[in-house]
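Fold and geometry: a report
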Amino acid sequence: MAEERGRAPGPVHVDGEVVASKRVGAYRHLTLTAPGVPERFRAGSFVAVTVAGHVARRALWVHRVRASSAFGPTLDVVVEVRGSGTAWLAALPVGAKVTLTGPLGRPFALPRDAVSCLLVGEGYAAAPLFPLAERLRERGCSVSLVVSAPDESHLLSALEARRWVRSVTVLTADGSVGRRGHVADHLDELVERSDADVVYAAGPAAVLAGAAAAAERAGAWSQVAVEVPTACGTGLCHGCPLPVVGEDGVDRVVRACAEGPVVRGDRVRWDAL
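Residues numbered from 1 in each chain as written. Predicted model: local features only at pLDDT ≥ 70, side-chain atom pairs only at ≥ 80, totals over all residues. Heavy atoms only, no water.

Let's shift gears to the overall build of the protein. Within the protein, the secondary structure is distributed over 5 helices and 17 strands. Relative to its length of 273 residues, the protein is compact, with a C-alpha radius of gyration of 18 Å against a globular reference of 19 Å. Expressed along its principal axes, the backbone C-alpha trace of the protein runs to roughly 50 × 45 × 35 Å. Burial analysis of the protein (273 residues in total) assigns 53% to the buried set. Pairs at least 24 residues apart make up 65% of the contacts formed inside the protein by residues separated by at least 6 positions. With an accessible surface of roughly 11,700 Å², the protein has 51% of that area assigned to carbon and sulfur atoms. Within the protein, the 29 negative side-chain charges are centred at a point lying 5 Å from the centre of the 30 positive side-chain charges. (Helix = DSSP H or I, 4+ residues; strand = E, 2+ residues; numbered from the N terminus. Rg over C-alpha atoms; globule rule 2.2 N^0.38 Å. Buried < 20%, exposed > 50% of the residue type's maximum accessible area, 1.4 Å probe, protein only. Contact = heavy atoms within 4.5 Å. Areas by Shrake-Rupley, 256 points an atom, 1.4 Å probe, with all protein chains shown as cover. Lys, Arg positive; Asp, Glu negative; His and termini not counted. Charge placed at Lys NZ, Arg CZ, Asp CG, Glu CD.)

As structure tokens, then:
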């Protein structure tokens, strides 16, 4: 299937500001000004934010780009507290200054034709699928979205997504909302039901591997947004190894932040990740 990957102009290193902060379930949603970044953003790229007292920056998926009459274009990012760095980010008050670089990485490639697409996401890592759904609908694609999480508090924007997609399937491991179960157990059914030509996935490695395998069994293409811890976010430190199989069939290791984070699902060596 012919696809195109619109690569924006190079990233910029800018000083921004927190203009909104709210807690939604288990996550902290931050709205940031970042001069020049929203205009360059493509779904699937990310930003790297400098964290006080830490050498390594924190890579954050962009959940949404907004137009604001007060601040100009802004970025929405989703933070899940996992350590001191993300705790610092989540605690930033409105008006706090932030330094960030972006957009970084390779974004999702978009089909040239109007095709059927299945988007599969779990937890906060589903964030890049929402701007992707908007772009796919603009191209006339039929878009089905699956959002999953361990419980209701960790679901991301399931209700908001309905404005952009044909159907939304919600899965929670504890059955607190939507269907009970793990998304990996339902992927074959979901791919078949959506009649997907392309499967896009974002989330933990098990979800990505399952989505790639289900797509391959159905004869569909797959693209996955791989989340590997990144120290710099720009590819300079080589600290985010991603094992893949090249177009020539040779195993190699690439940089997740530069050659990824979006890659073809059938190219990742999941057993070595």
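So, next bit.
Ordered by their spatial adjacency, 7 strands build an open sheet running β12-β11-β10-β9-β13-β14-β17, and the pairing between neighbours is mixed. Every interior strand has two partners, whereas the edge strands, β12 (179–180) and β17 (262–264), have only one. Relative to β17, strand β14 (residues 221–225) runs antiparallel, the two being bridged by 3 bridges. Bridging from a neighbouring strand, Gln 223 pairs with Arg 264 of β17. Docked against the sheet, helix α4 (residues 187–194) engages β9 (116–122), β10 (142–149), β11 (167–172), β12 and β13 (198–202), running at close to 150° with respect to β9. (Pairing = 2+ DSSP bridges. Axes fitted to C-alpha atoms, helices over the stretch in contact; angles between N-to-C directions.)

Counting residues in each nonpolar core, the largest one holds 68 residues, and the members touching the most others are Leu 119, Val 120, Leu 129, Leu 132, Leu 136 and Tyr 200. The contact partners of Leu 119, leaving out residues within four places of it in the chain, are Leu 129, Leu 132, Ala 133, Leu 136, Val 143, Ser 144, Leu 145, Val 146 and Tyr 200. Residues Val 47, Val 49, Leu 89 and Leu 92 belong to the second largest nonpolar core, which totals 22 residues. (Core = buried A, V, L, I, M, F, W, Y, C linked by side-chain atoms within 4.5 Å.)

The subject of this paragraph is the layout of surface pockets. Gaps left between atoms show up when a probe the size of a water molecule is rolled over them. There is about 510 Å³ of room inside the largest pocket. Sorting the residues of the lining of the largest pocket by element identifies β5 (58–66), β6 (74–79) and α2 (84–90) as the ones contributing at least two each. Classifying every residue of the lining of the largest pocket gives 14 nonpolar, 5 polar and 5 charged. Of the voids in this model, the second largest pocket is the one considered here, and its volume is about 390 Å³. Lining the second largest pocket are 21 residues, and of these Val 24, His 29, Leu 156, Ser 157 and Glu 160 sit closest to its centre. Mapped by element, the contributors of at least two residues to the lining of the second largest pocket are β2 (12–24), β3 (27–33) and β5. Sort the elements by how many residues they give to the lining of the second largest pocket and β2 lands first, with 4 residues. Across the lining of the second largest pocket, the residue classes break down as 9 nonpolar, 5 polar and 7 charged. (1 Å grid on protein atoms, 1.4 Å probe; cavity = no way out; pocket = protein on both sides within 12 Å on 5 of 7 lines; lining within 4 Å. Points joined across faces, edges and corners; volume = space filled by probe spheres on them. Nonpolar A, V, L, I, M, F, W, Y, C, P; charged D, E, K, R; others polar.)

Below, the discussion takes up the confidence of the model for the protein. A residue-level look at the protein finds 97% of positions with pLDDT of 70 or above and a mean pLDDT of 92. When pLDDT is averaged over each element of the protein, β13 comes out on top at 98 and strand β1 (residues 3–4) at the bottom at 62. (pLDDT = per-residue confidence, 0-100.)

What the 6 strands build is a closed barrel, ordered β2-β3-β6-β5-β4-β7; its pairing is antiparallel. Taking each pair of neighbouring strands and ignoring which way they run, the sheet shows an average axis angle of 45°. Two elements, β2 and strand β7 (residues 97–104), share 6 bridges in a ladder whose sense is antiparallel. For Val 14, the partnering residue across the bridge sits in β7 and is Leu 100.

Let us now look at unusual backbone geometry. That bond from Gly 102 to Pro 103 is cis: its omega, -10°, falls within 30 degrees of zero. Among the structural elements, Pro 103 can be located in strand β7. A cis amide bond links Gly 260 with the next residue in sequence, Pro 261, at an omega value of 5°. Relative to the helices and strands, Pro 261 is located in the loop between β16 (251–255) and β17. The phi dihedral of Asp 195 is positive, around 55°, even though this residue is not glycine. Structurally, Asp 195 can be placed in the loop between α4 and β13.

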